[in-house]
2 protein chains.
Amino acid sequence: MRILTTTNSLTTDDLGSAAQRDRRRRILDATIALASSGGFDAVQMRAVAEQADVALGTLYRYFPSKIHLLVSALARTFEDTQTIVGRKPVPGDTPSERVIYVLRRATRGMQGDANLTEALTRAFMFADASVATEIHVVGMQLTTMLTRSIKGEAYVEGEQPSDEDVAIARVISDVWLSALVSWVTGRASAEDVADHIETAVRLVLR
Amino acid sequence: MRILTTTNSLTTDDLGSAAQRDRRRRILDATIALASSGGFDAVQMRAVAEQADVALGTLYRYFPSKIHLLVSALARTFEDTQTIVGRKPVPGDTPSERVIYVLRRATRGMQGDANLTEALTRAFMFADASVATEIHVVGMQLTTMLTRSIKGEAYVEGEQPSDEDVAIARVISDVWLSALVSWVTGRASAEDVADHIETAVRLVLR
DNA sequence: TTCGGAACTGCAACGTGTTTCTATTATGAC
DNA sequence: GTCATAATAGAAACACGTTGCAGTTCCGAA
């Protein structure tokens, strides 16, 4: 499932001693493992604490709620994916082709681990205002991934995408998230999701 | 599961004696009142039972979980709105104008009671597979409302909308729901929501 | 009217997210 | 190396969704 991340010295965002970073990593690893094995309900705070080898109070010191924990796990998952995939430009000759390619890949990836996806998606959707920060991180990741796909070769690191492109990316990510929710709750098949997204992308990018 | 019942005269959907319909109504009233006063967290099953003047076990007999309860409340809210608004054709000369009109109205309505909207929206998003039936009802209500707006005067009761129109309606309702979630979680202002929806509608309907 | 089963009440109990508290351990300044 | 402070462990307790159960009431059929 996960490639182990080296006990690296520098994380993206600083924050804490090596021991603390290690605890944080262990906690997120345990969260993802439990989510992957049994979905949202299997991510029980006592179980996460035990598997990460920290006390329950410590878990809550790092993540103030189960939802914070799962949304952070989602952010890290995206981050890891981006690190691996984000190197080479997205294949495809038109914006729709590229966006459809990327979403198809991402969707397949998530559907490959239904339990994990269920846990992360439901947490994301259930989050309330107190999780705004973590949610925002994920939102930015999504927007970046999509504007990058829209621009294709023309994309340059660090450049602000146009308002138009951001608006389009947001619409597409809304549809994608809703489709994932439908799939997670058993209201739509994998094929339904793929079709629906493709339709939406074609409607929006033309 | 019900065989015929003699007593009751007419409800929309059969189901139960007058006393049972009354209990169901009281429960949903209590749910909406509590949600309106304190949002999702304030809808506590014991409190709902007490306010509806039924035993806790009875509440669970009518609605097998808090999520079922809240999604059913959402369905009834929509239904009530439709009954009131659904008479006259939607004003506006183009599909986008009509859809924007309807969504603007609906959004304003929901934003007028932030707590209630928070409760209903979060429940809808958190629902798992066991709530599929109730969710489907709400989905149909949304689709109907939107295809009706798209067609405008051309809409005729009972006629199946085209696949194209349904696909468009689904994209728009995805965006609308996501926007509501953003608003509920404090990540977007009322104005943001209006702008985002308008952008999406213009993109999709052209 | 009487009877049998379904529906309802009241209440206790359980599971899991969350909080709280004390004792212990790690960390960093001096 | 010593000490003050922060971080952690361990465990109990609380809150609320949910379940289970014994006794009571309601309702339709005979």
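Structure first, text after, so check above.
In what follows, the accompanying structure is described. (Residues numbered from 1 in each chain as written. Chains lettered and ligands numbered in written order. Predicted model: local features only at pLDDT ≥ 70, side-chain atom pairs only at ≥ 80, totals over all residues. Heavy atoms only, no water.)

It is worth spelling out the protein's contact with DNA strand C at this point. In the region of DNA strand C, 16 residues are neighbours, and Arg46 of chain A together with Ala55, Thr58, Arg61 and Tyr62 of chain B sit closest. Near the protein, within 4 Å, the atoms of DNA strand C are sugar or phosphate in 67% of cases. One of the side-chain nitrogen or oxygen atoms of Arg46 of chain A is found 2.8 Å away from a base nitrogen of DNA strand C. In this structure, Lys66 of chain A approaches DNA strand C through a main-chain N or O atom, which is 2.8 Å from a phosphate oxygen. Broken down by secondary-structure element, the contributors of at least two residues to the surface near DNA strand C are helix H2 (45–52) and helix H3 (56–62) of chain A together with helix H3 (56–62) of chain B. Looking at the surface near DNA strand C element by element, the count peaks at three residues for H3 of chain B. By residue class, the composition of the surface near DNA strand C is seven nonpolar, three polar and six charged. (Near = heavy atom within 4 Å. Polar contact = N/O pair within 3.5 Å; in protein donor to acceptor, adjacent residues only side chain to side chain. Helix = DSSP H or I, 4+ residues; strand = E, 2+ residues; numbered from the N terminus. Nonpolar A, V, L, I, M, F, W, Y, C, P; charged D, E, K, R; others polar.)

Let us now look at the nonpolar core. Generally speaking, nonpolar side chains in soluble globular proteins are found buried as a group. Grouped together as the largest cluster of nonpolar side chains are 128 residues, with contacts concentrated most on Leu59 and Leu103 of chain A together with Leu59 and Leu103 of chain B. Those residues in contact with Leu59 of chain A, other than ones at most four positions away along the chain, are Ile27, Met45, Val48, Ala49, Val54 and Leu69 of chain A. (Core = buried A, V, L, I, M, F, W, Y, C linked by side-chain atoms within 4.5 Å. Buried < 20%, exposed > 50% of the residue type's maximum accessible area, 1.4 Å probe, protein only. Contact = heavy atoms within 4.5 Å.)

Bringing the pattern of salt bridges into the picture now. In the structure shown here, the tally under the stated rule is 14 salt bridges over all chains. The partner of Asp22 of chain B in a salt bridge is Arg26 of chain B, and the shortest N-O contact between them spans 2.9 Å. Remark: Arg26 of chain B and Asp22 of chain B occur in helix H1 (residues 18–42); sequence separation between them is four residues, near one turn of the helix. Overall, Arg26 of chain B belongs to the partly exposed group, its relative accessible area being 24%. It is possible to trace a salt-bridge network through shared partners that takes in Asp22, Arg25, Arg26, Asp29 and Arg76 of chain A. (Salt bridge = Lys/Arg side-chain N within 4 Å of Asp/Glu carboxyl O.)

Moving on, we get to helix H5 (residues 95–111) of chain B. All names here are of chain B. In this model, H5 (17 residues) spans 24 Å end to end at C-alpha, consistent with the 24 Å of a helix rising 1.5 Å per residue. Taken residue by residue, H5 has Ser96, Arg98, Val99, Ile100, Val102, Leu103, Thr107, Met110 and Gln111 as its buried positions. Contacts from the buried residues of H5 go to helix H6 (114–126), helix H7 (132–151), helix H8 (163–184) and helix H9 (190–204). (Expected span 1.5 Å × (residues − 1).)

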